[in-house]
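Report on the structure
These are the residues of each chain, in order.
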Amino acid sequence: MAGEPQADCLFCKIVAGEVPATVVRETETTVAFRDINPQAPTHVLVIPKVHHPDAASLAAAEPQVIADILRESGEIAALEGVAEKGYRVVFNTGSGAGQTVFHAHLHVLGGRGLNWPPG
């Protein structure tokens with residue numbers, strides 16, 4: 001059920017403390033941790049503590065939580081020292097967009113040039 005922890009979800013296990021992660025920040029509604037396969041010098045994932053399979057379903061069900069994730073992305077960028085020069089936030093939604101863990105999450109990327117268009 002949406003919003004409830006899923007036994008087979010890696011990110012739910014990180015939220016529960018069952019799988020280790022290098023946590024950068026944690027709030028009442030979010031956890032931010034370093035990506036294990038970084039694509040930039042700063043690559044931090046910000047996830048909701050509640051389970052929703054993607055950003056669209058999270059936004060529909062719990063708009064305040066997705067706002068919390070976006071606010072945290074700015075906090076992470078400042079903490080990581082990339083806010084001044086610029087950073088990118090990315091939600092991949094669906095396997096065709098590169099989503100591999102089906103628990104909504106935002107990537108905060110910075111510390112190198114990020115060309116446009118991506119991909």
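Residue numbers run consecutively from 1 along every chain, following the written order of its sequence. Given that the model is predicted, a residue must reach a pLDDT of at least 70 before its local features are reported, and side-chain atom pairs must reach 80 or more before they are shown or counted; all residues, however, enter totals for whole chains, interfaces and linings. Processing note: side-chain calculations cover all non-hydrogen atoms of the structure and skip hydrogens and water entirely.

**Re the sheet that holds strand E1 (residues 23–26)**
Pairing between sheet strands relies on hydrogen bonds along the backbone, with the strands arranged either parallel or antiparallel. The line we're drawing: DSSP bridges decide pairing: two strands pair if at least two such bridges lie between them. By the criteria applied, helices consist of DSSP H or I runs no shorter than four residues and strands consist of E runs no shorter than two, each listed in order from the N terminus. Orientation is described by lines fitted to C-alpha atoms, with helices fitted over the stretch in contact, and by angles between N-to-C directions that extend from 0 to 180 degrees.
The antiparallel open sheet is built from five strands, whose spatial order is E1-E2-E3-E5-E4. Two strands bound the open sheet, and with one partner strand each, they are E1 and strand E4 (87–90). Across this sheet, the average inter-strand angle for adjacent strands is 20°, counted without regard to direction. The pairing of strand E2 (residues 30–34) with strand E3 (residues 42–48) spans five bridges and is antiparallel. Note on E3: the bridge partner recorded for phenylalanine 33 is leucine 45.

**Remarks on the nonpolar core**
In plain terms, the rule: Among buried residues, the Ala, Val, Leu, Ile, Met, Phe, Trp, Tyr and Cys ones that are joined through side-chain atoms within 4.5 Å form a nonpolar core. To sort residues, take the accessible area from a 1.4 Å probe on protein chains only and compare it with the maximum for the residue type: under 20% means buried, over 50% means exposed, and anything in between is partly exposed.
One finds Val44, Val46, Leu58, Ile76 and Val108 to be the most contacted residues of the largest nonpolar core, which totals 13 residues. Sorting the residues of this core by element identifies E3, helix H2 (55–61), helix H3 (63–80) and strand E5 (106–110) as the ones contributing at least two each. At four residues, the largest contribution of residues to this core is made by H3. If you look at the next biggest cluster of nonpolar residues, it comprises nine residues, including Cys9, Cys12, Ile14 and Val101.

**Thoughts on the pairing of E1**
Taken together, the three bridges between E1 and E2 define a ladder with antiparallel strand orientation. For valine 23, the partnering residue across the bridge sits in E2 and is phenylalanine 33. Where E1 folds back onto E2 in an antiparallel hairpin, the turn is made up of three residues.

**A few points about the pairing of E5**
Burial runs high along E5: five of the five residues are buried. Every second residue of E5 is oriented toward a common face, with Leu106, Val108 and Gly110 on one face and His107 and Leu109 on the other, all of them buried. Note: E3 against E5, five bridges, orientation antiparallel. Note on E5: the bridge partner recorded for histidine 43 is leucine 109. In this sheet, E5 lies alongside E4 in antiparallel orientation, the contact comprising four bridges. Within E5, the residue paired with valine 90 across the bridge is histidine 107.

**Things to note about the pattern of salt bridges**
Defined as follows: What makes a salt bridge here is a side-chain nitrogen of Lys or Arg within 4 Å of a carboxyl oxygen of Asp or Glu, nothing more.
Evaluation of the coordinates by the stated rule reveals four salt bridges. Between arginine 34 and glutamate 80 there is a salt bridge, and its shortest N-O distance comes to 2.9 Å. With a gap of 46 residues between them, arginine 34 in strand E2 and glutamate 80 in helix H3 connect regions that are remote in the sequence. In this structure arginine 34 comes out as partly exposed when scored by relative accessible area, which is 35%.

**Side note on the side chain of histidine 105**
For clarity, the cut-off: Only heavy atoms matter for contacts: two residues are in contact if any of them lie within 4.5 Å across the pair.
Here histidine 105 lies in the loop between E4 and E5. Ignoring any residue separated from it by four or fewer positions in sequence, one finds histidine 105 in contact with Phe11, Leu45, Val46, Ile47, Val90, Phe91 and Gln99.

**Here's the deal with the packing of aromatic side chains**
The condition is simple: Here a Phe, Tyr or Trp ring, Trp counted by its six-membered ring, pairs with any other such ring whose centre lies within 6.5 Å, and the pair is stacked when the planes are under 30 degrees apart, edge-to-face when over 60, and tilted otherwise.
Tallied over the full model, the rule gives one aromatic pair. Aromatic pair phenylalanine 11 and phenylalanine 33: ring centres 5.5 Å apart, planes at 75°, arrangement edge-to-face. With a gap of 22 residues between them, phenylalanine 11 in helix H1 (residues 10–16) and phenylalanine 33 in strand E2 connect regions that are remote in the sequence. Across the pair, phenylalanine 33 and phenylalanine 11 agree in class, each one buried.

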